[in-house]
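So you can see what is in the structure, the chains are spelled out below.
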Amino acid sequence: MRFWPRPGSPDPAAAPSAAAGARLGTPQDRLRSDSQEVARQRIGYTIAIFGLLFVAIAGRMGYVSLLRDGGEPVQRVAARGGALQGERADIVDRNSIVLATSVPVMSAFVNPRLVLEPQDAARRLASALPEGKLEEFSEKLEGDRSFAWIKRGLSPAEHDRINRLGIPGLDFQAEERRIYPQGSAAAHILGYSSVDNAGLAGVERYFERELQAGEPLQLSIDLRLQRFVEQEIARAVRKFSAIGATAIVLDATNGEILAMASLPTYDPNRARTITNEALFNRGTLGVYEQGSTFKIFNTAMTLDAGRATLDKIYDAREPIKIDRFTINDFHGQNRAMTVAEVFKFSSNIGSAKMAMDVGVEGQRAFFDRIGMLKPIPIELGESAGPLYPRHWMKINLMTISFGHGISVTPLHLASGTAAMINGGILHRPTLVKRAGKADVGRRVVSERTSVAMRQLLRLAVTEGTGKSADVAGYEVGGKTGTAEKPGRSGYREKALISSFVGAFPMSDPKFVILVSVDEPKGLKETGGYATGGWVAAPSFKAIAEHIVALYGIQPGDWKGGLAPLQVASVAVPPPLPASALTSRARQRTVDQRKALPARAPGAGPAPGERRHATE
């Protein structure tokens, strides 16, 4: 561009000849010519800029449509760091059998704006995907959006059928899908994942970061045992018309959970069909009064505190009356009994008097020490804390001694029982295989107390209420428990939690087994009873026999042998007259049948409630 000189300044470009001046024209002509040149340059710049933008947009469109996998779906960002998600790691059992894995799948999506005939396309999709609804396809294809999923996680056959339709605007996205090859086995342990491969329950959710980072997870459970446990409690539920059940097999030496089942259950491959009832894990989330199984802890507490020995005598002739309540025995002997007999006959009266020897503060401190007053730190989000009295009083002291007035999960019960018999060490229960990393645990009772508890548990099976659990040659020991479930107006006599918890071999405990059945119904063959001895003990025996066969355990494969406990009946004080025994055995006070006020959540039984463990 030329710049004209200021007025009065010399013009170096001035032409000396008139001919040159004629060619240049007048100043007005020259100014017009320069303006046109400037305009042409500006138009050229504009064209160049738009050309560059067009090339950039075209390049981006080519990358998206030709080089990248799919259209609008965007891969999820991993929880850690911000890198794109890789393959979610496998979950395996203790023998490396795959329980959960990820497989590549294709998902179909559509840009409705590119669909030429939405109704026809919807009908063709409905024929290719029979489980889909024509109305839903029509709604997606006629929408004003630029993106809609048709179906995620297509099978190869579905992918092929949809691809053959040739519908404009329909495309596919490569994704991963979480599958569970074992079906419903260990469902409450594994949990399940969302369509985006994110853990939503169980260990899938608890170990979300590790699995997303590609770290394989090996669980402590044995799939072979897990399947049998699930089948066995399902058989018990059917036989006794129960509403549910749970079972746990625990390694007493290190806290590893070898099997844990809960009914009803679900198939994690069909996440859309899972109900809240099926998702509920009774083993770690269910909080129940455990009934007479708590006499294991009450007896260990009394022995360990030095308040009694196995031959100390407690008078169980008379029911205990406190306030307007009466504590009776279901298997009443109506006589004085030693500590061993109190345990053998599952005496509520004797247990309450043993607890009174320890006292309220001593009992609360003991239950806190063995982990009954706090949630168990298990690798599941679905775990609950116990419910116990805010104000621990004398009535609570008595009823807790036989498992009423405090509610814990079945895992609390199994873990606590293991500590009472394994030498007195409380191990943290785990669902992860420890792979040689032993859990040191902490001592909660003395070894001497633990040996005594093994003798008592063996006695309860050979001569007490747990005879149905015995396996010849394998020194099974255990305790029955039957607790009435609380309702709005007191305890519901026909709604029971029937349990059996035990272990074997009692000379060197390895396997702790708990079976608990919710609201079983009595049968003719059980005399109408639905107590732990009739309902849960046979399932315990079946599981123990399966363990023996599964691991090839022979009688005598463990060190030493448990010295049998010799129990002599106590005749003093003298027994009551026969007429008094008959009358007292039939006694049901009016107060026990009165409507009782509802409890506040977590408050424990009110001071006026009837406490009654039936076994």
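Bear in mind the structure is a predicted one, so any value in this text is a computation, not a measurement.

Among all residues except glycine, the phi angle is most often negative; among peptide bonds, the trans geometry is most common. The peptide bond linking L263 to P264 adopts the cis configuration, its omega dihedral lying at 5 degrees. The omega torsion across F504 and P505 is -15 degrees, close enough to zero to call that bond cis. Structurally, P505 is set in the loop between strand 15 (490-504) and strand 16 (511-518). Unlike most non-glycine residues, A186 shows phi in positive territory, near 60 degrees. Summarising the element assignment, A186 is placed in the loop between strand 4 (170-179) and helix 6 (187-190).

Take the pairing of strand 7 (residues 257-263) next. Each regular strand shows side chains that alternate between the opposite faces of the sheet. Most of strand 7 sits out of view: seven of its seven residues are buried. With six bridges connecting them, strand 6 (residues 244-251) and strand 7 associate as antiparallel partners. Paired with V249 across the bridge in strand 7 is A259. The turn linking strand 6 back onto strand 7 is made up of five residues, and G255 within it adopts a positive phi angle of 85 degrees.

Take helix 13 (residues 348-358) next. Quick reminder: α-helices carry 3.6 residues per turn. Residues three or four places apart thus point the same way. In terms of burial, helix 13 is a largely internal element, eight of the eleven residues being buried. Buried residues of helix 13: N348, I349, G350, S351, A352, M354, A355 and V358, and no others. Capping the start of helix 13, S347 holds a side-chain oxygen 3.4 Å from the backbone nitrogen of I349, two or three residues further along. Positive backbone phi, approximately 95 degrees, marks G359, located one or two places after helix 13.

The full count for this structure, using the stated rule, is 27 salt bridges. One salt bridge in this structure joins R428 and E379, with 3.5 Å as the shortest N-O distance. Residue R428 is found in the loop between strand 12 (425-426) and strand 13 (442-443), and its partner E379 is found in the loop between helix 14 (360-369) and helix 15 (394-400); the two are separated by 49 residues along the sequence. By relative accessible area, which is 5% here, E379 ends up buried. Through salt bridges with shared partners, one network takes in R282, K485, R492, D518 and E519.

Further remarks concern the nonpolar core. Within the largest apolar cluster, 72 residues are counted, with the highest numbers of intra-cluster contacts made by V203, L219, F297, F366, F367, M420 and L431. In this view, F297 contacts F366, F367, I370, M372, L413, G416, T417 and M420; residues no more than four positions away in its chain are not counted. Listed in part, the 36 residues of the second largest apolar core include F240, A259, V515 and I547.

A separate point is the sheet that holds strand 6. With antiparallel pairing, the five strands of this open sheet are ordered in space as 7-6-16-15-14. Both edges of this open sheet fall to strand 7 and strand 14 (477-487), since each of them pairs with a single strand only. On average, each strand axis in the sheet is tilted by 10 degrees relative to the strand beside it, whichever way the strands run. Where strand 6 and strand 16 come together, eight bridges link them in antiparallel fashion. Within the sheet, the bridge partner assigned to I248 lies in strand 16 and is L514. Of the strands in this sheet, strand 6, strand 7 and strand 16 are in contact with helix 9 (residues 223-239), which crosses strand 7 at around 30 degrees. The sheet strands contacting helix 17 (residues 447-462) are strand 14 and strand 15, and the helix crosses strand 14 at an angle near 80 degrees.

Before going further, it helps to examine the side chain of E256. For E256, the location among the structural elements is in the loop between strand 6 and strand 7. At 3.0 Å, the side chain of E256 and the side chain of R94 are in polar contact. Excluding residues within four positions of it along the chain, E256 makes contact with R94, S220, V249, L250, D251, T430, V432, K433, R434 and A435.

Our focus in this paragraph is the packing of aromatic side chains. Inspection of the entire model under this criterion finds 13 aromatic pairs. Ring geometry for F294 and F367: centres 5.6 Å apart, planes at 20 degrees, overall stacked. Of this pair, F294 sits in the loop between helix 10 (276-279) and helix 11 (295-304) while F367 is found in helix 14, placing the two residues 73 residues apart along the sequence. Residue F294 shares its accessibility class with F367, and that shared class is buried. Every member of this aromatic cluster is reached through a ring pair, and the members are F294, F297, F366 and F367. The side chain of R152 reaches across the aromatic face of W149, ending 4.4 Å from its centre.

Below, the discussion takes up the environment of T309. Residue placement: T309 occurs in the loop between helix 11 and strand 8 (313-315). Judged by its relative accessible area of 44%, T309 falls in the partly exposed class. The contacts of T309, once residues within four sequence positions are left out, are L303 and V339. Engagement of the side chain of T309 in a polar contact is seen with the side chain of D311, the distance being 2.5 Å.

This next bit is on the side chain of S138. With respect to the element layout, S138 can be found in helix 4 (residues 134-141). Look past the residues within four positions of S138 in its chain and what remains in contact with it is Q119 and A122.

A few words on a nonpolar patch on the surface. Together, I49, F50 and L53 give the surface a local cluster of nonpolar side chains, amounting to about 330 Å² of exposed area. With respect to the element layout, I49 can be found in helix 2 (residues 27-67).

What counts as what
- Residues numbered from 1 in each chain as written.
- Predicted model: local features only at pLDDT ≥ 70, side-chain atom pairs only at ≥ 80, totals over all residues.
- Heavy atoms only, no water.
- Helix = DSSP H or I, 4+ residues; strand = E, 2+ residues; numbered from the N terminus.
- Buried < 20%, exposed > 50% of the residue type's maximum accessible area, 1.4 Å probe, protein only.
- Pairing = 2+ DSSP bridges.
- Polar contact = N/O pair within 3.5 Å; in protein donor to acceptor, adjacent residues only side chain to side chain.
- Salt bridge = Lys/Arg side-chain N within 4 Å of Asp/Glu carboxyl O.
- Core = buried A, V, L, I, M, F, W, Y, C linked by side-chain atoms within 4.5 Å.
- Contact = heavy atoms within 4.5 Å.
- Axes fitted to C-alpha atoms, helices over the stretch in contact; angles between N-to-C directions.
- Phe/Tyr/Trp six-rings, centres within 6.5 Å; stacked < 30°, edge-to-face > 60°.
- Lys NZ or Arg CZ within 6 Å of the ring centre and 35° of its normal.
- Patch = residues over 30% accessible without salt bridge, like charges linked within 9 Å, V, L, I, M, F, W, Y side chains within 5 Å.
- Areas by Shrake-Rupley, 256 points an atom, 1.4 Å probe, with all protein chains shown as cover.

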